[in-house]
Amino acid sequence: MKEDRDQDEKVKISVFIATSLDGFIARKNGEIDWLMDADNSGGEEDYGYKEFFGSVDCLVMGRNTMEKVLSFGEWPYEEKRVVILSRALTELPQQIKERAELYSGPVADLIKKLEQEACHSLYIDGGKTIQSFLKCSLINEIILTRIPILLGEGIPLFGKLQKDLHLKHIHTKEFQSGFVQSTYEVVLQ
Ligand SMILES: NC(=O)c1ccc[n+]([C@@H]2O[C@H](COP(=O)([O-])OP(=O)(O)OC[C@H]3O[C@@H](n4cnc5c(N)ncnc54)[C@H](OP(=O)(O)O)[C@@H]3O)[C@@H](O)[C@H]2O)c1
């Protein structure tokens with residue numbers, strides 16, 4: 001199967017993620033304390049996450065992000081189909097064996113499979129994971145929340161691409177916390 005995606009395919013593939021102003025999704029050791037600490041809304045503001053999450057059929061996540069989520073003790077995606085990407089794992093951790101699926105093949109094949117299984121809206125999470133989808137031009141929408149902090153180093157959201165990806169800015173929203181959330185459509189060429 002070719003890796004690039006035909007424009008007429010119907011599934012919508014979105015990224016909803018927060019970065020430091022210098023483009024990191026986590027510290028080098030995976031910590032996201034800076035992200036939690038920056039939200040001064042006392043949990044009142046969810047930055048559109050609930051509405052976004054409610055709109056997707058399936059969450060596709062990298063192994064590192066899965067491990068981070070599990071370290072918080074609860075699996076917060078009970079009602080949602082979740083696919084974990086990993087080439088290293090042969091099985092999922094006990095806690096989520098019945099709650100998620102493990103996948104290690106080409107991401108373009110995964111999209112075909114999910115599409116055939118009536119998934120119309122996908123949420124892609126984790127830096128390396130997002131990069132592997134971007135490399136194949138498999139992302140349609142990026143909702144990026146920039147946190148007013150510079151980390152200097154960390155795990156980057158973006159990486160190498162095989163070709164430029166053009167984005168169309170849809171809108172930008174500013175929050176009281178100083179978070180700035182921009183929505184972009186990826187212009188598939
Ligand atoms: N700021 C935010 O909003 C936000 C959001 C999500 C995550 N995070 C943080 O970001 C960190 C994780 O990001 P990350 O970039 O390290 O990793 P990631 O994308 O979560 O996970 C990377 C792993 O996923 C697997 N993988 C990725 N692409 C694959 C592919 N195409 N095929 C097969 N397997 C694939 C590989 O697992 P194997 O090594 O097992 O093969 C790879 O090592 C965590 O610290 C998390 O807390 C932050």
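Residues numbered from 1 in each chain as written. Predicted model: local features only at pLDDT ≥ 70, side-chain atom pairs only at ≥ 80, totals over all residues.

Trainee: I'd like to hear about the site of the ligand, residue by residue, with values.
Mentor: As a matter of local geometry, the ligand sits amid 26 residues, with Gly30, Gly62, Ala88, Gly126 and Gly127 nearest to it. Those elements that provide at least two residues to the shell around the ligand are β1 (12-20), β2 (24-26), α3 (63-71) and α5 (127-135). Of the residues that constitute the shell around the ligand, the class distribution is 11 nonpolar, 10 polar and five charged. (Near = placed C-beta within 6 Å. Helix = DSSP H or I, 4+ residues; strand = E, 2+ residues; numbered from the N terminus. Nonpolar A, V, L, I, M, F, W, Y, C, P; charged D, E, K, R; others polar.)

Trainee: Any details on the sheet that holds strand β10 (residues 180-187)? Residues and values, ideally.
Mentor: Taken in spatial order, the eight strands line up as β5-β4-β3-β6-β1-β7-β10-β9 in an open sheet, and their pairing is mixed. If you trace the sheet from one side to the other, it starts and ends with β5 (101-103) and β9 (166-174), each paired once. Recorded for the sheet is a direction-independent mean angle of 25° between the axes of neighbouring strands. Those strands touched by α3 are β3 (58-62), β4 (81-85) and β6 (121-125), and its axis lies near 100° from that of β3. (Pairing = 2+ DSSP bridges. Axes fitted to C-alpha atoms, helices over the stretch in contact; angles between N-to-C directions. Contact = placed C-beta atoms within 7 Å.)

Trainee: Talk me through the pairing of β3; I want residue IDs and the actual numbers.
Mentor: Most of β3 sits out of view: four of its five residues are buried. Of the strand pairs in this sheet, β3 and β4 are connected by five bridges, and their pairing is parallel. Counted as the bridge partner of Met61 is Ile84 from β4. For the crossover that starts at β3, traverses α3 and ends in the parallel β4, the hand is right-handed. Relative to β6, β3 is paired through four bridges, and the arrangement is parallel. (Buried ≥ 20, exposed ≤ 12 C-beta atoms within 10 Å, placed from the backbone. Right-handed = clockwise from strand over helix to strand, strands pointing away.)

Trainee: Would you mind going over the nonpolar core in detail, with residue names and values included?
Mentor: The biggest cluster of nonpolar side chains holds 33 residues, and the ones touching the most others in it are Val15, Leu122, Ile124, Phe133 and Ile139. Only β1, β2, β3, β4, α4 (107-116), β6, α5 and β7 (141-147) provide two or more residues apiece to this core. If near-sequence neighbours (up to four positions away) are discounted, Phe133 is found in contact with Ile13, Val107, Ile124, Leu138 and Ile139. (Core = buried A, V, L, I, M, F, W, Y, C linked by C-beta atoms within 7 Å.)

Trainee: Can you explain α5? Please cite residues and give values.
Mentor: Of the positions making up α5, those classed as buried are Gly127, Thr129, Ile130, Phe133 and Leu134. Down the axis of α5, the smallest arc covering the buried residues is 165°, so these residues share one side. Looking at the residues trailing α5, positive phi occurs at Ser137, about 55°. (Arc of directions from axis to C-beta.)

Trainee: Residue-level account of the pairing of β9, with values.
Mentor: Regular strands have side chains that alternate between both faces of the sheet. The buried count for β9 comes to zero of nine residues, which makes it a mostly uncovered element. Where β9 and β10 come together, eight bridges link them in antiparallel fashion. If you follow Leu167 over to β10, its bridge partner there is Val186. Here β9 hands over to β10 after five residues, with Gly178 in that stretch at a positive phi of 95°.

Trainee: Before we move on, can you summarise unusual backbone geometry with the specific residues and values?
Mentor: Both trends apply: most residues other than glycine have a negative phi, and most peptide bonds are in trans. Positive phi is not limited to glycine here, since Ala118 has a value of about 70°. Note on placement: Ala118 falls in the loop between α4 and β6. Of the residues examined, Ala118 has 9 C-beta atoms within 10 Å and is grouped as exposed. In this structure, Ser137 takes a positive phi of about 55° despite not being glycine. Note on placement: Ser137 falls in the loop between α5 and β7. Residue classification places Ser137 among the partly exposed positions, given that 19 C-beta atoms sit within 10 Å.

Trainee: Tell me what's going on with the environment of Tyr123, and back it up with residues and numbers.
Mentor: Residue placement: Tyr123 occurs in strand β6. Taking the C-alpha atoms as reference, Tyr123 lies 7.9 Å from Phe53; in sequence the two are 70 residues apart. Those residues in contact with Tyr123 that lie beyond four places of it in its chain are Ser14, Phe16, Val56 and Leu59.

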